[in-house]
Amino acid sequence: MDDKWTRFKVTGDYNTDIRTLYEAWATPAGLEKWFLRRADFYTIPRRLREPEEFILKEDTYEWYWHGWGDETSEKGQILEANGTDLVKFTFANNSIVTVNISSRNGVSIVELTQENIAIEEDPTKSLFVQCQVGWTFYLANLKSVLEGSLDLRNKKLEVSSNFK
């Protein structure tokens, strides 16, 4: 099967250690530094995880972005979180995102793969394009926040911008 429009991979390089990157992906506080306005994770008994607490497999989440009100959120489940270098979760219309963190040539690498993307009849709803553009921006923002402390997100609800 040709999966050209149902999966993509984006990669970023970071001048930091694998542990720092994992914390950025696998804790509510870490995700809020570069990606989300609010990252709520719930354990199986529906206990809200603490900001610095690591997420675990089978947690559910509710995510909220800068530039959008609370009526716009993403809900999903953590499929895997190995505690060191891998996070996998459901995302956008039942697709699956896998984040692999490794080290090569003196830098840490984040490889993000989104797969199981539904093919849309209406190209304006294409998750393939929208998510790839979004993840590229957020991986760049992760680099900016970790390496330069500059957050590129627009945090004003009243300002329309692609940098959310």
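To start, this report covers the structure provided alongside it. Given the structure is predicted, the values throughout are model-derived calculations rather than measurements.

## Focus on the sheet that holds strand E5 (residues 86–91)
Picture the strands of a sheet paired through backbone hydrogen bonds; they go either parallel or antiparallel.
Piece 1. Within the open sheet, the seven strands sit side by side as E1-E7-E6-E5-E4-E3-E2. Their pairing is antiparallel. Both edges of this open sheet fall to strand E1 (8–14) and strand E2 (38–42), since each of them pairs with a single strand only. Pairs of neighbouring strands in the sheet enclose a mean axial angle of 25°, with direction left out of account.
Piece 2. Pairing analysis gives nine bridges linking strand E6 (residues 95–104) to strand E7 (residues 107–115), with the strands arranged antiparallel. Note on E7: the bridge partner recorded for Val99 is Leu112.

## A closer look at helix H1 (residues 18–26)
Piece 1. What H1 keeps buried is the set Leu21, Tyr22, Ala24, Trp25 and Ala26.
Piece 2. Its side-chain oxygen 3.2 Å from the backbone nitrogen of Arg19, Asp17 forms the N-cap of H1.

Conventions adopted
- Residues numbered from 1 in each chain as written.
- Predicted model: local features only at pLDDT ≥ 70, side-chain atom pairs only at ≥ 80, totals over all residues.
- Heavy atoms only, no water.
- Pairing = 2+ DSSP bridges.
- Helix = DSSP H or I, 4+ residues; strand = E, 2+ residues; numbered from the N terminus.
- Axes fitted to C-alpha atoms, helices over the stretch in contact; angles between N-to-C directions.
- Buried < 20%, exposed > 50% of the residue type's maximum accessible area, 1.4 Å probe, protein only.
- Polar contact = N/O pair within 3.5 Å; in protein donor to acceptor, adjacent residues only side chain to side chain.

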